[in-house]
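If you want the building blocks of each chain, they are given just below.
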Amino acid sequence: MKAELKNEALLQSLFDGDCSPAEVEEAKELLRSDRKWRKLYLDYSRLHHSLCEKYEGAEGKVVQAEFSQQRRFGVRELLGLAAAILVLGVLTALALRPVGDPATLVQYGPESRGVISHVNGSGSEGRLFQGSTLKLTRGAVSLTFPTGVTALVEGPAELRVTGENALHLEKGRAFFQVPEGAEGFICTTESLLVEDLGTEFGVLAGREEEVHVIKGSVRLKPIDGTGGFQDLREGEGLAWRDSALELSVPSRDFASDFAGRVTIFADDFDEPDGTDLHGKRPDIGDGRWEVTLGDATIRDNILDTSGAFRKAAFVAVPPMLNELSHVLLLTIEAETSQAAMHTPGWAGVSLYTGEVERIFVGDPNGPGISWGLHPAGWQAQNACPQLAGETIVTLRYDYRTGLTELFEGDTTTGEALASEWIAPGLVFDRLRIANGSQLDAAIDAGLGSGVVESVPKVDVRSDIAIRSLRLDVLNSGN
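Quick caveat, the model's predicted, so the values are computed rather than measured. The residue numbering used here restarts from 1 in each chain and proceeds along that chain's sequence as written. Since the coordinates come from a predicted model, pLDDT governs what is reported: local features require at least 70, and pairs of side-chain atoms require 80 or more to be given and counted, while whole-chain, interface and lining totals use all residues. Calculated side-chain values reflect all of the structure's heavy atoms, with hydrogen atoms and water omitted.

**Structural notes on unusual backbone geometry**
Okay, step 1: Residue Pro156 is bonded to the preceding Gly155 through a cis peptide linkage, with omega at 5 degrees.
Okay, step 2: Think of it this way: any DSSP run of H or I at least four residues long counts as a helix, any run of E at least two long counts as a strand, and we number them from the N terminus. One can find Pro156 in strand β7 (residues 150-163).
Okay, step 3: In the Ramachandran plot, Phe269 falls in the positive-phi region, its phi being about 50 degrees despite a non-glycine side chain.
Okay, step 4: Mapped onto the elements of the fold, Phe269 is located in the loop between β15 (260-267) and β16 (275-276).
Okay, step 5: Phe269 gets classed as buried once you look at its relative accessible area, which sits at 0%. Per-residue accessibility, obtained with a 1.4 Å probe over protein chains only, is compared with the maximum for each type, and a residue is labelled buried under 20%, exposed over 50%, and partly exposed between these values.

**Some thoughts on the nonpolar core**
One broad trend across soluble globular proteins is that nonpolar side chains are buried collectively.
Okay, step 1: Grouping buried Ala, Val, Leu, Ile, Met, Phe, Trp, Tyr and Cys residues that are joined through side-chain atoms within 4.5 Å yields what is termed a nonpolar core. Residues Trp289, Leu431 and Leu469 are the most contacted members of the largest nonpolar core, which totals 40 residues.
Okay, step 2: With 35 residues, the next largest nonpolar core counts Leu136, Phe145, Ala151 and Leu238 among its residues.

**What about the pairing of strand β10 (residues 192-205)?**
Okay, step 1: The element β10 is largely enclosed, with a buried count of 12 among its 14 residues.
Okay, step 2: Here a strand pair is declared whenever DSSP counts at least two bridges between the two strands. Sheet analysis places strand β8 (residues 166-177) next to β10, joined by six bridges and oriented antiparallel. Paired with Gln177 across the two strands is Glu200, which belongs to β10.
Okay, step 3: Where strand β9 (residues 186-188) lies against β10, three bridges are found, and the strand directions are antiparallel. Paired with Cys187 across the strands is Val194, a residue of β10.
Okay, step 4: For β10 and strand β11 (residues 210-222), the ladder comprises 11 bridges, and the chain directions are antiparallel.

**Thoughts on the packing of aromatic side chains**
Okay, step 1: Each Phe, Tyr or Trp ring (for Trp, its six-membered ring) is paired with any other whose centre lies within 6.5 Å, and the angle between the two planes then decides the class: stacked below 30 degrees, edge-to-face above 60, tilted in between. The tally for this structure, following the rule as stated, stands at eight aromatic pairs.
Okay, step 2: Between Phe314 and Tyr352 the ring centres are 5.1 Å apart and the planes differ by 80 degrees, which places this aromatic pair in the edge-to-face class. Here Tyr352 lies in strand β22 (residues 346-353) and Phe314 lies in strand β20 (residues 312-316), a separation of 38 residues in the sequence. Both residues of the pair, Phe314 and Tyr352, count as buried.
Okay, step 3: Seen from their ring centres, Tyr397 and Phe428 are 5.2 Å apart, and the 75 degrees between their planes marks the pair as edge-to-face. You can see Tyr397 sitting in strand β26 (residues 389-398) and its partner Phe428 sitting in the loop between β28 (418-421) and β29 (430-436), a full 31 residues away along the chain.
Okay, step 4: Of the aromatic side chains, those joined through ring pairs into one cluster are Phe145, Phe176, Phe185 and Phe201.
Okay, step 5: As a reminder, the over-ring test applies to NZ of lysine and CZ of arginine, requiring each to be within 6 Å of the ring centre and within 35 degrees of the ring normal. The ring of Phe254 has Arg173 lying over it, and the distance from NZ or CZ to the ring centre is 5.0 Å.
Okay, step 6: Residue placement shows Arg219 over the ring face of Phe229; its charged tip is 3.8 Å from the ring centre.

**Observations concerning the side chain of Glu271**
Okay, step 1: Within the secondary structure, Glu271 sits in the loop between β15 and β16.
Okay, step 2: A distance of 3.1 Å separates a polar atom in the side chain of Glu271 from a polar atom in the side chain of Lys280. A 3.5 Å cut-off defines polar contacts: any pair of N or O atoms within that distance qualifies, except that in protein one atom must be a possible hydrogen donor and the other a possible acceptor, and neighbouring residues in sequence count only when both atoms are side-chain atoms.

**Some thoughts on the pattern of salt bridges**
Okay, step 1: Take a side-chain nitrogen of Lys or Arg and a carboxyl oxygen of Asp or Glu: if they are within 4 Å of each other, that pair is a salt bridge. Applying the stated criterion across every chain, the model contains 19 salt bridges.
Okay, step 2: For Glu210, the salt bridge is made with Arg241, and the minimal N-O distance between the two is 3.2 Å. Pair noted here: Glu210 is in strand β11 and Arg241 is in strand β13 (residues 237-241), with a separation of 31 residues, a long-range link.
Okay, step 3: Among the residues examined, Glu210 registers a relative accessible area of 3% and is labelled buried.
Okay, step 4: Close ionic contact of Lys280 with Asp267 constitutes a salt bridge, the shortest N to O distance being 2.8 Å. Separated by 13 residues along the polypeptide, Lys280 in the loop between β16 and β17 (290-293) and Asp267 in strand β15 bring together distant segments of the chain. For the pair formed by Lys280 and Asp267, the shared burial category is buried.
Okay, step 5: A single salt-bridge network, built from bridges that share partners, covers Glu154, Arg173, Glu208, Glu210, Arg241, Glu246, Arg252, Glu323 and Arg400.

**Quick look at the confidence of the model for the protein**
Okay, step 1: When pLDDT is averaged along the protein, the result is 78; 69% of the residues meet or exceed 70.
Okay, step 2: What pLDDT reports is the predictor's confidence in each residue, on a scale of 0 through 100. By definition in these notes, contact holds between two residues if any of their heavy atoms fall within 4.5 Å. Below a pLDDT of 50 lies the segment residues 51-99, which in the model reaches 102 contacts outside its immediate sequence neighbourhood of four places, other chains included.

Put into structure tokens, the structure is as follows:
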């Protein structure tokens with residue numbers, strides 16, 4: 001009896017949003033491993049959903065996730081009523097005459113942003129019902145189905161729940177774990193229907209469609225009816241290309257849990273005034289700063305590039321990006337002023353691969369009063385409004401897609417100030433702080449003499465005053 005009361009209390013806390021992270025993990029484990037608890041959850045979920053439909057109204061609405069790892073789950077008054085009904089023993093009647101849909105639980109990972117919408121507008125941001133959709137702009141979400149099936153979906157992704165044991169993945173990357181007793185889980189994409197036979201498997205949907213079996217087996221078939229079911233076993237993969245199934249595709253790694261933010265480089269320039277940057281070790285990282293142009297000293301815990309001459313300094317950073325750990329975050333804390341930073345010249349921070357500049361962020365070349373984000377070189381590809389005073393910006397690069405975005409602050413969960421598609425698969429091994437004039441930029445870019453001669457011969461070099469730099473990787477190593 002005590003165990004039953006504890007289970008009902010956990011369910012009430014879960015739907016009420018009062019669970020600690022440890023209790024959420026306990027609930028997910030019970031859904032995976034305890035059939036009785038799954039049945040209790042299904043009944044409770046149906047009751048809660050029907051009450052929400054009745055009392056929350058039917059006007060459509062979109063609920064936007066606010067990027068926390070633990071979501072709020074519902075309406076306290078209704079859930080208090082639901083719990084009371086359960087305690088009084090109505091659970092048996094509900095099991096015989098179920099109403100509403102069971103819910104799939106949603107948990108957001110770090111640096112994630114998504115929007116949930118429901119068919120009739122009722123519900124909450126922490127649960128998906130049949131017909132509910134989720135658009136994941138970036139990051140990852142964990143889904144726990146009523147049957148105990150769990151999914152780790154990485155964005156950008158779009159999905160729709162099609163049943164208590166079924167999901168349609170329009171685009172994105174997902175890893176599924178199906179516990180004993182939940183066999184038969186179905187995932188569809190635009191072109192494929194995948195049915196689990198007791199397994200762990202990964203799916204890519206969108207421009208590329210692939211299925212990879214990690215453990216156990218699945219069966220699948222084309223949705224267009226051009227072929228029957230085909231079995232895939234552990235270690236096998238399959239792709240849908242040119243309207244046909246292609247076997248023996250290279251294996252892929254899939255993240256099974258949320259990525260952790262790991263700092264691979266950091267420097268806050270807190271050394272005594274007059275400290276020479278050349279030869280200094282960063283606070284985190286193995287390399288030493290190398291000043292290649294001009295001079296650079298630290299004053300008032302700031303490294304700046306002010307002055308009439310060019311300045312440039314490099315430092316080595318560990319190349320950490322791969323298919324699993326695929327997001328790099330560069331956070332810059334700067335003190336900027338319109339007079340010093342936003343001039344016809346340029347100043348900022350760049351990421352390099354060997355001798356090749358790949359991404360620049362800072363005051364772009366030209367007279368615009370703005371922060372700029374562009375791959376590298378002569379002219380800014382994208383600029384965003386000026387951020388004056390003490391400013392923190394974070395650049396986010398996705399190794400898989402090449403999408404590069406700039407955000408205000410030290411997180412990437414809000415709206416991007418600027419974005420640019422550059423090459424995917426880049427690995428960076430050096431970081432540079434530098435300034436220059438328009439003429440310097442034209443010469444550095446190797447432009448022809450005609451372009452160089454047309455550039456104003458005004459030696460105005462911009463200034464960026466940096467308080468700290470940090471490089472993080474979202475590490476999904478399982």
